[in-house]
Number of protein chains: 2
Amino acid sequence: MKYSLLFGAQSFEHEISIVSAISVAKKLENEVAYIFCDTNREFYLIDSKELQSITFTNSKYKKYKKLELKNGGFFTKGIFSKKIDFDVCINLVHGADGEDGKLASMFDFYEIPFVGPRVEGCVLSFSKHLTKLYAKEVGVNVLDYIYTQKENTPNIKFDYPVIVKPTKSGSSMGIRVVKSEKELDYAFDTAYEYDTSAIVEPFIDGVEEYTLAGAKTGDDFEFSMIEKTQKEGLFDFDQKYLNFSRSDIIKEADLSDDIKNKMKQLFKKIYLNMFEGALIRCDFFVIKNEVYLVEINPIPGSMSNYLFNDFSGVLKRVASNLPKTKSIKINYEYINSIRENK
Amino acid sequence: MKYSLLFGAQSFEHEISIVSAISVAKKLENEVAYIFCDTNREFYLIDSKELQSITFTNSKYKKYKKLELKNGGFFTKGIFSKKIDFDVCINLVHGADGEDGKLASMFDFYEIPFVGPRVEGCVLSFSKHLTKLYAKEVGVNVLDYIYTQKENTPNIKFDYPVIVKPTKSGSSMGIRVVKSEKELDYAFDTAYEYDTSAIVEPFIDGVEEYTLAGAKTGDDFEFSMIEKTQKEGLFDFDQKYLNFSRSDIIKEADLSDDIKNKMKQLFKKIYLNMFEGALIRCDFFVIKNEVYLVEINPIPGSMSNYLFNDFSGVLKRVASNLPKTKSIKINYEYINSIRENK
């Protein structure tokens, strides 16, 4: 199985995607084609020897071959256009473009096999509001919330502190903890820099957050270990950034088997019929022995490779069990029958 | 304002899209570039003189210039590649590719201004299940339903007859009215030819269905007249096909002002912050003076042009008020700061 790794693109998490690509590359024995999408959404084929951050920060990537996305794959530009050789593309673009459904749509349109969420899973997980609706529908607990749009003034039914989040941002950006009513306007202004709507939730100080990654590989699920999220207060961009590039050994969270099993059952409910073909990470709160979904990361940082004992094996099994799309045949019978009747 | 009209693609409604393009073209005074996407997802620039059904049914379209979709627009292929000149592309691809978010994603990725639903609106309206969840959340009534997946046997809590629909099909295909329990398996088999999940609803014989099209054009909404849906039993593919190619004069539905206003208010709730940039059609049931959303058609057949007195004016105002997307600037400050600290 030969992979291509696609990373970068026009996203607030562009830089995290570069870190992810470097981190994932280290875990793969397979031959890999590295495809970088720059912020102008031009594709480049990067030499594996130069897969390091400086190649992108100093624009050195521009010396590499430009690629075009077309029916069946990525091709070099020019008269002697050549198809880039790979079996499955791994979508490693975090945030916009990668997790909002754009690249998934393009891969489906051009019939390029890929590991990653499909467009419907992207749209549901990219919006904190739709995530809540979807989770409730499949029987997964979420924290109570208020959904509000820019032009409205919401009634805050919770005690302070609360947390205000843009509905869509694809990262922790634009999120503020609000200690009292007088800080509220500023928090909404911050959120509305990223989206036209926001979610307000009670902020639970010191709540224990856990993270679990996994995928359906064939008939079964394969799960990572469950990790307790390391953070102080809010998990900010810098911390997240460093977190995804780490290589330390992870300790399994100290939770009862009952809670662990519950988390896995909820993960399956979220995953089934929505995230096939993707390796996703779900973050959960545990409050008084109840498990609540916090968010779905359909392309987690570094694909959470550090949480798996056999990351490259799991990835290979996901890549070998991609969902099939039916192709639609058109024989013009309707137009022909109408023409005949004229 | 110069338009391009995009139609065809790999969809069960490929043929309806051709009819739509021919019908819409007749209503436009502007200069238009006609772009046909065939079922292999190759794009062709069609001469306006040959915009007739036979051009597509006998493959004559293949003699026209092939186009590529790239950053900024559609371009002719080859060494002397030329950009196709238009200001706004009108997405007229019904069903899959057009209404499931694929083409919307590609237009957004390549920064091509377009009239049509954005990816989030596509995903919500393409799934009959997500449409229900979304409508309920924004305060719009829907009929009670059961959502079920292929591997489960649902408990039918309704009296027969019921109606069984694939969750996603983008048309009336795969839908069956079930008169008694013994017909149920066959109806599910039919639905599961189109999707892995299905929706069951009570079938209300003789219910009155109405259709209303409209769009937000600037600060205000512009609505079509409300039409009572002409149908016997179920609105099947042939009838729908003929319906969208008709040119007869439509009569405004005989409804009280109260119900008409209610319908328009519900339309606005559905539309706001989700369908900006699109001209959509909503279908409603009226049952005992209550209005229920049946479905959202984010790219209605022939854009419902026959329901508007000033279709080309409305379209121009939609095209002049497209939602803006913020572009994201990346300065590599995170990677640089980490490199400096090493």
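Scoring rules and cut-offs
- Residues numbered from 1 in each chain as written.
- Chains lettered and ligands numbered in written order.
- Predicted model: local features only at pLDDT ≥ 70, side-chain atom pairs only at ≥ 80, totals over all residues.
- Heavy atoms only, no water.
- UniProt positions renumbered as here; feature names shortened; annotations may be inferred.
- Core = buried A, V, L, I, M, F, W, Y, C linked by side-chain atoms within 4.5 Å.
- Buried < 20%, exposed > 50% of the residue type's maximum accessible area, 1.4 Å probe, protein only.
- Contact = heavy atoms within 4.5 Å.
- Axes fitted to C-alpha atoms, helices over the stretch in contact; angles between N-to-C directions.
- Helix = DSSP H or I, 4+ residues; strand = E, 2+ residues; numbered from the N terminus.
- Parallel < 35°, antiparallel > 145°, perpendicular 65-115°, else oblique.
- Left-handed = near helix turned anticlockwise from the far one by under 90°.
- Nonpolar A, V, L, I, M, F, W, Y, C, P; charged D, E, K, R; others polar.
- Salt bridge = Lys/Arg side-chain N within 4 Å of Asp/Glu carboxyl O.
- Polar contact = N/O pair within 3.5 Å; in protein donor to acceptor, adjacent residues only side chain to side chain.
- Least-squares fit on C-alpha atoms with pLDDT ≥ 70 in both.
- Phe/Tyr/Trp six-rings, centres within 6.5 Å; stacked < 30°, edge-to-face > 60°.
- Lys NZ or Arg CZ within 6 Å of the ring centre and 35° of its normal.

Per an unreviewed UniProt entry, chain A goes by the name D-alanine--D-alanine ligase and belongs to uncultured Campylobacterales bacterium. Under the UniProt heading Subcellular location (unreviewed entry), the entry covering chain A gives this text: "Cytoplasm". Per UniProt, the comment on chain A under Catalytic activity (unreviewed entry) is "2 D-alanine + ATP = D-alanyl-D-alanine + ADP + phosphate + H(+)".

Description of the nonpolar core
In terms of nonpolar packing, the biggest core is built from 152 residues, with A:Met263 and B:Met263 touching the most fellow members. Once you skip the residues sitting within four places of it in the chain, A:Met263 turns out to touch A:Tyr210, A:Leu212, A:Ile226, A:Leu255, A:Phe284, A:Val286 and A:Val291. Counting residues in hydrophobic clusters, the runner-up holds 44 residues, among them A:Phe74, B:Phe74, B:Ile112 and B:Cys122.

Details of the packing of helix 4 (residues 119-126) of chain A against helix 4 (residues 119-126) of chain B
In the contact formed by helix 4 of chain A and helix 4 of chain B, the axes pass within 10 Å of each other and the chain directions differ by 110°. Of the possible angle classes, the one that applies to helix 4 of chain A and helix 4 of chain B is roughly perpendicular. Crossing angle aside, the handedness with which helix 4 of chain A passes helix 4 of chain B is left-handed. Facing A:Val119, A:Glu120 and A:Val123 of helix 4 of chain A, the residues of helix 4 of chain B in contact are B:Val119, B:Glu120 and B:Val123. Of the residues assigned to the contact of helix 4 of chain A with helix 4 of chain B, the class counts are 4 nonpolar, no polar and 2 charged.

So, the interface of chain A and chain B
Of the residues lining the interface, 68 residues belong to chain A; the matching set on chain B comes to 68 residues. Summed over the shared surface of chain A and chain B, the number is 6 salt bridges. Where B:Lys70 meets A:Glu68, a salt bridge forms, and the shortest distance between an N and an O atom there is 3.8 Å. Where chain A meets chain B, there are 32 residue pairs in polar contact (both at pLDDT 80 or more). When the residues that make up the side of chain A that touches chain B are grouped by side-chain class, the tally is 31 nonpolar, 18 polar and 19 charged.

Some points on the relation of the copies chain A and chain B
For the match of chain A to chain B, the screw axis carries a shift of 0.0 Å, the RMSD comes to 0.0 Å, and the turn is 180°. Taken together, the rotation and translation describe the operation of a two-fold axis. Most of the interface of chain A is mirrored in chain B, where 100% of its interface residues again form contacts.

What about the packing of aromatic side chains?
Across all of its chains, the model carries 42 aromatic pairs over all chains by this definition. Relative to A:Phe267, the ring of A:Phe223 lies with its centre 5.1 Å away and its plane at 85°, an arrangement referred to as edge-to-face. Here the residue A:Phe223 occupies a position in strand 13 (residues 220-223), and A:Phe267 occupies one in helix 8 (residues 257-271), the gap between them amounting to 44 residues. Residue A:Phe223 is classed as partly exposed on the basis of its relative accessible area of 22%. Given a relative accessible area of 0%, A:Phe267 falls into the buried group. Arranged with centres 6.4 Å apart and planes meeting at 45°, the rings of B:Tyr271 and B:Phe275 form a pair that is tilted. Considered together, B:Tyr271 and B:Phe275 belong to a single accessibility category, that of buried residues. Connected via pairs of aromatic rings, a cluster forms that spans A:Phe43, A:Phe74, A:Phe86, A:Phe107, A:Phe114, B:Phe109 and B:Tyr110. One residue, A:Arg41, lies across the ring of B:Phe109, its end atom 5.1 Å from the ring centre.

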